[in-house]
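In case you want the letters, here they are:
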Amino acid sequence: MRRTNRRTRRGFLATAAAGAVGSIAGCQGLDIDGNEDALERLEGEADLDPTAAGPDGWPVEHGDLANTRSAPADAVPEPPLSVTWTAPFETHMGLPQPVVDGDVAVASNWDDETFGVDVGSGDRRWTASLHDFEPQTTAAVADDAVLIGSRSEIRCVGREDGGRRWRAERYASGVDGGTPTVDGDLVLTATALGVAAFDLADGNRRWETRFGLAGTTTPAVVDGAVFVGGNDACLHVLDRETGDLEWRRNVDGGVDAGPTVAGDTVYVGTDAGSVYAFDRDDGSERWHSSVAGSGIESLAVGNGLVCVGTNGDSLTALDSETGTPIWRSGSYRSTYANGPVVGDGLVFATVGLGAGFGSGISRHRDRTLGAFDAVNGEVVWRFDDAPIRFENGPAVADGSVYATGTHTGDNERVLACLR
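Residues numbered from 1 in each chain as written. Predicted model: local features only at pLDDT ≥ 70, side-chain atom pairs only at ≥ 80, totals over all residues. Heavy atoms only, no water.

1. Re the pattern of salt bridges
For step 1, the next point in the chain: The full count for this structure, using the stated rule, is 22 salt bridges.
For step 2, the next point in the chain: Close ionic contact of R205 with E208 constitutes a salt bridge, the shortest N to O distance being 3.3 Å.
For step 3, the next point in the chain: Between E241 and R240 there is a salt bridge, with the nearest N and O atoms lying 2.5 Å from each other.
For step 4, the next point in the chain: Under the relative-accessibility criterion, E241 is labelled exposed at 52%.
For step 5, the next point in the chain: On the accessibility criterion, R240 (10% relative accessible area) is buried. (Salt bridge = Lys/Arg side-chain N within 4 Å of Asp/Glu carboxyl O. Buried < 20%, exposed > 50% of the residue type's maximum accessible area, 1.4 Å probe, protein only.)

2. Here's the deal with the confidence of the model for the chain
For step 1, the next point in the chain: Looking at the chain as a whole, the pLDDT averages 84, with 84% of positions reaching at least 70.
For step 2, the next point in the chain: Across the chain, the secondary-structure element scoring lowest on mean pLDDT is helix 1 (residues 6–23), at 36, and the one scoring highest is strand 22 (residues 274–279), at 98.
For step 3, the next point in the chain: The model gives residues 1–26 a pLDDT under 50, and that stretch makes 38 contacts with residues more than four places away or in other chains.
For step 4, the next point in the chain: For the stretch residues 356–364, pLDDT sits under 50, and the model shows nine contacts to residues farther than four places along the chain or on other chains. (pLDDT = per-residue confidence, 0-100. Helix = DSSP H or I, 4+ residues; strand = E, 2+ residues; numbered from the N terminus. Contact = heavy atoms within 4.5 Å.)

3. Description of the pairing of strand 11 (residues 164–169)
For step 1, the next point in the chain: When strand 10 (residues 153–158) meets strand 11, the two strands line up antiparallel, connected through five bridges. Residue pairing for strand 11: I154 is matched across the bridge by A168.
For step 2, the next point in the chain: In this antiparallel pair of consecutive strands, strand 10 and strand 11, the connection spans five residues, and G162 shows a positive phi of 75 degrees. (Pairing = 2+ DSSP bridges.)

4. What to know about the packing of aromatic side chains
For step 1, the next point in the chain: Under the counting rule described, the total for this entry stands at seven aromatic pairs.
For step 2, the next point in the chain: Residues W327 and F372 carry aromatic rings whose centres are separated by 5.9 Å and whose planes lie at 20 degrees to one another, so their mutual orientation is stacked. Here the residue W327 occupies a position in strand 27 (residues 325–329), and F372 occupies one in strand 30 (residues 367–373), the gap between them amounting to 45 residues. Of the two residues, W327 and F372, both sit in the buried class. (Phe/Tyr/Trp six-rings, centres within 6.5 Å; stacked < 30°, edge-to-face > 60°.)

5. Details of the environment of F278
For step 1, the next point in the chain: For F278, the location among the structural elements is in strand 22.
For step 2, the next point in the chain: It is 8.6 Å that separates the C-alpha atoms of F278 and D264, two residues lying 14 residues apart in sequence.

6. Topic: the sheet that holds strand 11
For sheets, the rule is that strands pair by backbone hydrogen bonds, running either parallel or antiparallel.
For step 1, the next point in the chain: Overall, antiparallel pairing links the four strands, which are arranged 8-9-10-11 in an open sheet. Edge positions in the sheet fall to strand 8 (140–142) and strand 11, since each of these pairs with one other strand and no more. On average, each strand axis in the sheet is tilted by 20 degrees relative to the strand beside it, whichever way the strands run.
For step 2, the next point in the chain: For strand 8 and strand 9 (residues 145–149), the ladder comprises three bridges, and the chain directions are antiparallel. Looking across to strand 9, one finds that A140 is bridged to L147. (Axes fitted to C-alpha atoms, helices over the stretch in contact; angles between N-to-C directions.)

7. Side note on the environment of G323
For step 1, the next point in the chain: The topology assignment puts G323 in the loop between strand 26 (315–319) and strand 27.
For step 2, the next point in the chain: Exposure remark for G323: the relative accessible area of 6% places this residue in the buried category.
For step 3, the next point in the chain: When neighbours within four sequence positions are excluded, G323 is seen to be in contact with W287, S289 and L318.

8. Comments concerning the sheet that holds strand 31 (residues 379–382)
For step 1, the next point in the chain: Spatially, 28-29-30-31 is the arrangement adopted by the four strands of the open sheet, whose pairing is antiparallel. With partners counted over all chains shown, the strands left at the sheet margins are strand 28 (341–343) and strand 31, one partner each. Averaged over all neighbouring strand pairs, the angle between strand axes comes to 35 degrees, with direction disregarded.
For step 2, the next point in the chain: Two strands pair when backbone bridges link them, and strand 28 and strand 29 (residues 346–352) are joined in this way by three bridges, in the antiparallel orientation. The partner of G343 across the bridge, within strand 29, is L346.

9. Details of the nonpolar core
For step 1, the next point in the chain: Within the largest apolar cluster, 34 residues are counted, with the highest numbers of intra-cluster contacts made by F348, W381, F390, Y402, L415 and L418.
For step 2, the next point in the chain: Among the elements that make up this core, the one with the highest residue count is strand 35 (residues 413–418) (five residues).
For step 3, the next point in the chain: In contact with L415, other than residues within four places in its own chain, are W85, T86, A87, F89, P98, A105, F115, V117, A403 and T404.
For step 4, the next point in the chain: Within the second largest apolar cluster, 19 residues are counted, among which are A46, L305, I326 and A374. (Core = buried A, V, L, I, M, F, W, Y, C linked by side-chain atoms within 4.5 Å.)

10. Some thoughts on the environment of D183
For step 1, the next point in the chain: Within the secondary structure, D183 sits in strand 12 (residues 181–183).
For step 2, the next point in the chain: Since its relative accessible area comes to 17%, D183 is described here as buried.
For step 3, the next point in the chain: Residues D183 and L200, spaced 17 residues apart in sequence, show a C-alpha to C-alpha distance of 9.0 Å.
For step 4, the next point in the chain: Each residue touching D183, except ones within four places of it in the same chain, is listed here: L65, L188, V221 and R240.

Okay, here's the thing in structure tokens:
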């Protein structure tokens, strides 16, 4: 049950902070530990709409088919959060983000199994042991099916039991791209040469469009159009039914973040450190902004913001209409899987450990989950409770945050639910 006074309190804080940002643009701010160099207030002012709608659940890698990585206000829990359950799994590989659909959360061990967990109890419902298949992507859930990719193929298993359905070989490009998404009866994924579409029922290939270089992003699918970025420094927009090119626009580097479609605008981030906004229908450029001297790895668009995560450990908030930078935080930690989530005036992401933590911890363990105030960029909460360290961006659904992490004591890997 959500607290009825939350909107009034959050709205008051947002209004007050927006005024403060306007008066100290370009000044340094303090993070949760009082570090002055972690937060930079820039020239823009936040004009949030925290009540904006978002997806139900988190069934695909970036939350919805538009790749927004946003959550509706009534799905966002109010920090501080605590762990309600953990589901252990074994792996010697990485920790992918889970996806959530209804009463099941799905993840893999990036090794040889994919599994489904009950979101209420954390009990494992099923395990798909795929010893001839190495899952390398985030899963996607649709109807009664779960899709997951490797470097060379896509597998489909049952949502209720993990039973094998079909496999499509030699098309998915793996961990550097090729995470599948599902739109109705169609499965779409980037490939080693472009993008391909498969029939959800039997895995037959419907079409394949080649760019000449690898598709590098999870496709976004909105109103009959497929948006995908590639190593060819282009945003490609294709017809959903045929794969025919509708329009294409060049950018200043490989597209590693997005495409994200919000309203009538599509956003992409490049490995050259730029964010571009294009008109969704005709591809005309609306703005572009140089964010940092490092590559952009993730975008979250919602509440009037474009939240930009870079591989140089910075998180920047831009005005979604103009591209004007509002704040930049050095408390963010780069992640090899997924990125921030924006909703209800908060930005959930991986952040550095607080003062007094992290001594002797490896680079990928010097981080945990946290939440930024979307208006001013201050870290308002961080999960500092030992012994779990969360290393990658979360999924937010139905009042809970789901993430994978590691017990620092015994190195056990877990899928966790926080509320």
